Amino acid sequence: MSRSIGVIVLAAGEGRRFREVAGVDKDKLLADCTGRDGAVRSVVEQVLVNLPASLDKRVLVTTEARPQAMRMAQAYGCDIVSIESTGMGDSIAAGVAACPDADGWLIVLGDMPFILPSSIERVVAAIAEDAVSVPTLNGDYGHPVGFGRSFGAGLMALSGDRGARPLFKQGRVVEVVVDDPGVLWDIDVPQALVFPQV
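What you are looking at is a predicted structure, and each value in this text was computed from that prediction instead of being measured.

Draft legend 1. The overall build of the chain, seen in detail. Across its full length, the chain carries six helices and ten strands. When its C-alpha atoms are laid out on the principal axes, the chain stretches across 45 × 40 × 30 Å. Counting over 198 residues, the chain shows a buried share of 51%. Pairs at least 24 apart in sequence give 66% of the contacts found in the chain among residues at least 6 apart. Carbon and sulfur atoms make up 51% of the accessible area of the chain, which totals about 9,200 Å². Charge-centre separation for the chain: the mean point of 18 positive side chains lies 1 Å from the mean point of 25 negative side chains.

This is how it looks when you write it as structure tokens:
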């Protein structure tokens, strides 16, 4: 049975901490970083490259202030949802509303460029109707997070800065144990653009 999983890439945040260090005109999503494959791309492009080809329903949620990210996402097969809010809850709700008929949704953060495609595939494989699938490394929850179909209404009701963590209580949480530090590595400051090669 083929399932339709909507991939929601969140790229609306302002990246304040990054700008405080790098400069107000520096967008972390467009900063160059060397991926785990050795290729230099922008942060958001690394995220898009890591999405498995089997996930073809893709939505990038961002603001009008990021035309470059929009163009890049379109080149990788994403639909674009432009919102005015930079809150994570608003972004998730808008992304899920763009593909409400999916069998589940994978919430991907646009500033996490070092997640292995195999980790993403394992999280997607664990998505079930009444379950949240989340990668774990040494007991810590990481990203991306998968939500089954029963969470649709709850995801679309999110707003403001609150993410989807409160929804974990509404179903089963399937912990997908991975040996991938990328699931915990986000780009908050410029120093984080360098991933420790193991």
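Okay, back to it.
Draft legend 2. View of the side chain of Ser119. Its location among the elements puts Ser119 in helix 5 (residues 117-125). When sequence neighbours within four positions are dropped, the list of residues in contact with Ser119 reads Val178, Asp180 and Val183.

Draft legend 3. Molecular detail of the packing of aromatic side chains. One pass over the structure, following the stated rule, counts six aromatic pairs. On the basis of an interplanar angle of 40 degrees and a centroid distance of 6.0 Å, the ring pair of Tyr141 and Phe168 is categorised as tilted. Note that Tyr141 is positioned in strand 8 (residues 140-141) and Phe168 in the loop between helix 6 (152-156) and strand 10 (172-177), a separation of 27 residues in sequence. A residue is classified by how much of its surface remains accessible, and Tyr141, at 29% relative accessible area, is partly exposed. Taking relative accessible area as the criterion, Phe168 reaches 11% and is therefore assigned buried. Measuring from ring centre to ring centre gives 5.6 Å for Phe147 and Phe151, while their planes differ by 70 degrees; the resulting arrangement is edge-to-face. For the residue pair Phe147 and Phe151, the accessibility class agrees, reading buried in each case. Members of the aromatic cluster, connected to one another through ring pairs, are Tyr141, Phe147, Phe151 and Phe168.

Draft legend 4. Seen up close, the side chain of Arg66. With respect to the helices, strands and loops of the structure, Arg66 is situated in the loop between strand 4 (57-62) and helix 3 (67-75). By relative accessible area, Arg66 is classed as buried at 6%. Engagement of the side chain of Arg66 in a polar contact is seen with the backbone oxygen of Gly13, the distance being 2.8 Å. For Arg66, the contacting residues outside a window of four places in its chain are Ala11, Ala12, Gly13, Glu14, Arg19, Asp27 and Leu29.

Draft legend 5. Representation of the UniProt feature "domain: MobA-like NTP transferase" (unreviewed entry) in the chain within the structure. UniProt's feature table lists "domain: MobA-like NTP transferase" (unreviewed entry) at residues 7-170, given in the numbering used throughout. Between the first and last C-alpha atoms of residues 7-170 the distance is 21 Å; the span itself is 29% helix and 25% strand.

Definitions and cut-offs
- Residues numbered from 1 in each chain as written.
- Predicted model: local features only at pLDDT ≥ 70, side-chain atom pairs only at ≥ 80, totals over all residues.
- Heavy atoms only, no water.
- Helix = DSSP H or I, 4+ residues; strand = E, 2+ residues; numbered from the N terminus.
- Buried < 20%, exposed > 50% of the residue type's maximum accessible area, 1.4 Å probe, protein only.
- Contact = heavy atoms within 4.5 Å.
- Areas by Shrake-Rupley, 256 points an atom, 1.4 Å probe, with all protein chains shown as cover.
- Lys, Arg positive; Asp, Glu negative; His and termini not counted.
- Charge placed at Lys NZ, Arg CZ, Asp CG, Glu CD.
- Phe/Tyr/Trp six-rings, centres within 6.5 Å; stacked < 30°, edge-to-face > 60°.
- Polar contact = N/O pair within 3.5 Å; in protein donor to acceptor, adjacent residues only side chain to side chain.
- UniProt positions renumbered as here; feature names shortened; annotations may be inferred.

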